[in-house]
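Fold and contact review
The lines below spell out each chain.
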Amino acid sequence: MLEIEIDGKQLQVSDGSTVMEAAATVGAYVPHFCYHKKLSIAANCRMCLVQVEKAPKPLPACATPVTNGMKVWTHSEQAVKAQKGVMEFLLINHPLDCPVCDQGGECQLQDLSVGYGGAQSRYEEEKRVVGNKNLGPLVSTDMTRCINCTRCVRFTTEIAGLMELGQAFRGEHAEIMPFVEKTVDSELSGNIIDLCPVGALTSKPFRFAARAWEMSRRKSISPHDSLGSNLIVQVKHDVVKRVLPLENEAVNECWLSDKDRFSYEGLNGEDRLKRPMVKQGGAWIETDWQTAMDYVVRGLKGIRADHGPESIGALGSPHSTLEELFLLQSVVRGLGSGNVDFRLRQSDFSADGRMKGAPWLGMSVSEIAGLDRLLIVGSFFRKDHPLVAQRVRQAVKKGLKVSAINPAFDDWQFALQNQLCVSPSEMSAALAKVLKALVEQGSAALSPEFQALVDSVQVDEQALAIARSLGSGRRVAVWMGNYAVQHQDGVALHALASEIARLSGGRFGVLGEAANSVGGYLAGAVPFGAVSGKNASEMLSTPLKAYVLLGIEPEFDLRDAVAARKAFGAAEMVVMLSAFKFEEALGYADVMLPVSPFTETGGAFVNCEGRTQSFHPVVKNTGDSRPAWKVLRVLGEALGLGNFDYESVDAVRAQILGASGSVDPFRLSNDIDIEPLNPAGVSQGLQRVADIPIHFADPLVRRSAPLQATKDSEAPFARISPATLKTLGLNAGDKVVVRSVSGSATVVVSEDEGVAAGCVRLAAAHSSTWALGSLNGEVSVERI
């Protein structure tokens, strides 16, 4: 610790601190533009000049390290004169258009010019004008306002991991610009809007929609990926106008993914479901809540009486709140059925009944920074978990070595020490090779359940390299990604990855697909427990007589859309609780009940680390829509079921989690009772690798027009490796028909070296590919 004095105040700071950091600890504000605590030091705006004893001239506080005995004055005559001089230079070319600037009212330059700017400019020469740049559908530019602080440049390089912006030219000709003919396509691109201290970079969807002082600021939680980013939702006249990050170092720090930031644009579209609808004569007819609920109650009671309670099932979205999933399963079990599930894209349910708790990350998100070895199994990591990937990216800079096993790779924007690309049917064998290499290194004794599988494989150099990496670490983690969880051998992959973590002395975790991938287990929305039943796959393969669907669109949110349509079409009643109209449902749904999206309801999500995060509605309900938890509560009462007299959403949460409102750590566990794993055959056919693109993952993001205009939302290509293309006699750009046992899809071929040999990577959750059915299995490809 070093002793210094700032503005007459004595304090101790750690060695290596800067004057800016030291000043913040005593509450001394130093004006600045280029400095940001999460970015590298640039010291190019010079606004933070301060007086330092014995220094011949003012020094930049952001770049000046503290020395023992240093004396600093942040608001002395010398410091203020220097700061005012810098401000005058910054304002020389800045346009005087604050009234029409979209940043007006929340502009750092505007605020500081009040204290450090002059009443009038001495500059009489011609001002420079900088042409605007096309950065894509999310970020709008007014580059004449840019003060060249380079925050955006440093963010794209250091945090997002890809240099998409740069500074060209020198002096007063300097400009921030993207590369030629390029836009900013990072999944974190919206953060440069927050970082920009002036009106140069603003939100294109929000542009001129409201002024900062006209909007209310309300806290919320993102319903999308498993991190549960903290949000500030800005509201005007009960309409969500903008979403910003709420800083929480333990969760999302001060960042948001574009999916979290811009999905609100889907809230107020024309396809919002505003009134209950009942199908009559093959057409939807709007009705009132009483009529719709009576119709549902009579239908469910009649089906239970005629076919038994086991003929009724429910499927809930993992993006639903903890309370909604709990009440959904309570209704189903109250009727006497155990047919309820929220694991909509999962294929392998053989661990049901053998799980010790809810699968989770196995560590807190903040602990990622301390890892030195990490193995990621089956994940499109950067797009599935953008802010977790950002934390890993920062840890890689500090020495973390990452290995990955996957059937297809994108650029994760950080260096992978070991990258093993294998077909889906070879993933179990690949993990078994790593396991065998760890055993041969003498890490620990192998559990007998894995012996037969390990004996059937031969260790290769890639598996050996991964094992050596894990074995040399002190803080090791092994993670299962979304693809591995949804894999047809998902339980085997889980068991093998868990055993690898044990032998390498590390921790095993499951990243989780959605906001409540952990909470769904805690809510009991699974077909095992007090009353057992059919899982999501069985409910589609052996059709039921009645289905209740909560927040899902079957063609896009289920593992096998073709089987889903067939099952729902054969049912006597399908009840959809949805925030949106879904035209495809006309063929099989009987009732559509309008329920509230996350901005209009309260509840809680349990994120991947087991953290319970509750939120409240930020706007009134649209039309006659109602919070889903209230609809399910009323439905339970109308059906004559007991224990549905909850007066608030907090009362429902207390029923699930207890009075503390937080998750009991003993309810979180990745352990399962392992059965002997035997060698599985390797598929000889062409295998499909189905990823879920970042902006197709749930109904809300699919309706956000700005997100659907991004590069990440392009129509899926059939992505095939060069070697496989040659074998198939195809070329990039060819139009082909991809066929499965369920159907076909017509797409364009794209050459992709990151795809395993013998595989076709073709995204799911899209209107052009849902007819292929299952996310897994063999396909054929034919040129048109």
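Residue positions are given per chain, counted from 1 along the sequence in the order it is written. Only residues with pLDDT of 70 or above have their local features reported here, since the model is predicted, and side-chain atom pairs are shown and tallied only from 80 upward, although totals for entire chains, interfaces and linings are computed over all residues. Each side-chain value is derived from all of the structure's non-hydrogen atoms; neither hydrogens nor water enter the calculation.

1. Quick look at the packing of aromatic side chains
Two aromatic rings, taken as a pair, are described by how far apart their centres are and by the angle between their planes. Within 6.5 Å between ring centres, the rings of Phe, Tyr and Trp (the latter by its six-membered ring) count as paired, and their orientation is classed by plane angle as stacked under 30 degrees, edge-to-face over 60, tilted in between. According to the stated counting rule, one finds twelve aromatic pairs in the structure shown. Measuring from ring centre to ring centre gives 5.7 Å for Phe568 and Tyr588, while their planes differ by 50°; the resulting arrangement is tilted. Highlighted residues: Phe568 in helix H19 (residues 561–570) and Tyr588 in the loop between strand E23 (573–578) and strand E24 (591–594), separated in sequence by 20 residues. Judged by its relative accessible area of 1%, Phe568 is buried. Aromatic ring contacts, followed pair by pair, group Phe381, Phe409, Trp412, Phe414 and Trp479 into a single cluster. Helical segments are the DSSP runs of H or I of at least four residues, strand segments are the runs of E of at least two, and each set is numbered from the N terminus. The buried label goes to any residue with under 20% of its type's maximum accessible area, the exposed label to any with over 50%, and the partly exposed label to all in between, with areas taken from a 1.4 Å probe on protein chains only.

2. Let's talk about the pairing of strand E14 (residues 283–286)
Pairing geometry for strand E13 (residues 277–280) and E14, over four bridges, is antiparallel. Following the sheet pairing, Gln280 is matched in E14 by Ala283. The criterion for strand pairing is that DSSP finds at least two bridges linking the strands in question. Connecting E13 to the next strand, E14, in antiparallel fashion are two residues, including Gly281 with a positive phi near 60°.

3. Considering the pattern of salt bridges
The salt bridge criterion pairs a side-chain nitrogen of Lys or Arg with a carboxyl oxygen of Asp or Glu, the two atoms within 4 Å. In the structure shown here, the tally under the stated rule is 41 salt bridges. Between Arg207 and Asp142 there is a salt bridge, with the nearest N and O atoms lying 3.1 Å from each other. Residue Arg207 is located in the loop between strand E9 (201–203) and strand E10 (216–221), and its partner Asp142 is located in the loop between strand E6 (139–141) and helix H4 (151–158); the two are separated by 65 residues in the primary sequence. Exposure remark for Arg207: the relative accessible area of 25% places this residue in the partly exposed category. In this structure, Arg345 and Glu513 form a salt bridge, with 2.4 Å as the shortest nitrogen-oxygen distance. Of the two residues, Arg345 sits in the loop between strand E16 (340–341) and strand E17 (373–377) while Glu513 sits in the loop between strand E21 (507–510) and helix H16 (519–522), which places them 168 residues apart along the sequence. Under the relative-accessibility criterion, Glu513 is labelled partly exposed at 22%. Within this structure, Asp271, Arg345, Glu513, Glu553, Asp557, Arg702 and Arg703 form a network of salt bridges that share partners.

4. Observations concerning the packing of helix H11 (residues 427–440) against helix H15 (residues 490–503)
It is at 10 Å that the axes of H11 and H15 come closest, and there the two elements cross at 20°. Taken together, the axis directions place H11 and H15 in an arrangement best described as roughly parallel. When the axes of H11 and H15 are compared, the crossing they make is left-handed. Residues Met427, Ser428, Leu431, Ala432, Val434, Leu435, Leu438 and Val439 of H11 lie in contact with H15, whose contacting residues are Ala492, Leu493, Leu496, Ala497, Glu499, Ile500 and Leu503. Orientation is described by lines fitted to C-alpha atoms, with helices fitted over the stretch in contact, and by angles between N-to-C directions that extend from 0 to 180 degrees. For classification purposes, an angle smaller than 35 degrees is called roughly parallel, one larger than 145 roughly antiparallel, one from 65 to 115 roughly perpendicular, and anything else oblique. Should the near helix be turned counterclockwise from the far one by less than a right angle, the crossing is left-handed, whereas a clockwise turn marks it as right-handed. Contacts were defined at the residue level, with two residues in contact if any of their heavy atoms lie within 4.5 Å.

5. Some remarks on the domain arrangement of the protein chain
For every domain, the bounds stem from an assignment made automatically or drawn from a database. By domain assignment, the protein chain separates into domain 1 (2–92), domain 2 (277–350 + 517–663), domain 3 (365–510) and domain 4 (687–783). Taking only C-alpha atoms into account, the centre of domain 3 sits 25 Å from that of domain 4. At the interface, 17 residues of domain 3 touch 18 residues of domain 4. Buried area counts how much accessible surface, traced with a 1.4 Å probe, disappears from two parts once they are put together, with both parts' losses summed. Interface of domain 3 and domain 4: buried area, both sides summed, is about 1300 Å²; carbon and sulfur atoms make up 51% of it. By the criterion of area lost to domain 4, the three top residues of domain 3 are Phe380, Lys383 and Gln486, representing 33% of everything that side buries. Linking domain 3 to domain 4 there are three salt bridges. Between Asp712 and Lys383 there is a salt bridge, and its shortest N-O distance comes to 3.1 Å. The set of elements that each furnish at least two residues to the side of domain 3 that touches domain 4 consists of helix H9 (381–384) and helix H14 (482–486).

6. Observations regarding the nonpolar core
Counting 70 residues, the largest nonpolar core has Phe33, Phe155, Leu374, Phe381, Val392, Val402 and Trp479 as the members making the most contacts within it. Of all the elements in the fold, those that place two or more residues in this core are helix H2 (77–92), helix H3 (108–116), H4, helix H5 (191–195), E17, helix H10 (386–397), strand E18 (401–406) and strand E20 (476–480). At six residues, the largest contribution of residues to this core is made by H10. When residues of this core are sorted by domain, at least three fall in each of domain 1 (2–92) and domain 3 (365–510). Leaving out residues up to four positions away in the same chain, Phe33 has contacts with Cys45, Met47, Met87, Leu90, Gln108, Leu109, Leu112, Ile147, Cys149, Arg151 and Pro197. Listed in part, the 53 residues of the second largest apolar core include Leu300, Leu522, Trp629 and Tyr646. By nonpolar core we mean a set of buried residues, namely Ala, Val, Leu, Ile, Met, Phe, Trp, Tyr and Cys, connected to one another through side-chain atoms within 4.5 Å.

7. Considerations on the packing of helix H7 (residues 289–307) against helix H20 (residues 628–638)
Direction vectors running N to C along H7 and H20 enclose 55°, while the axes themselves pass 10 Å from each other. Considering the angle they form, H7 stands oblique to H20. H7 and H20 meet at a crossing whose hand is right-handed. Residues Trp289, Met293, Val296, Val297 and Lys301 of H7 lie in contact with H20, whose contacting residues are Val631, Val634, Leu635 and Ala638. Here the residues of the contact of H7 with H20 are counted per class, giving eight nonpolar, no polar and one charged. Gly counts as polar in this scheme, as do all residues outside two lists: the nonpolar Ala, Val, Leu, Ile, Met, Phe, Trp, Tyr, Cys and Pro, and the charged Asp, Glu, Lys and Arg.

8. Some words on unusual backbone geometry
Phi at Thr150 takes a positive value of approximately 65°, unusual for a residue other than glycine. Summarising the element assignment, Thr150 is placed in the loop between E6 and H4. Residue class for Thr150 comes out buried when judged on its relative accessible area of 9%. The phi angle at Asp238 is positive, at roughly 60°, despite the residue not being glycine. Within the element layout of this structure, Asp238 appears in the loop between strand E11 (230–236) and strand E12 (239–245). Its relative accessible area of 34% is what places Asp238 among the partly exposed residues.

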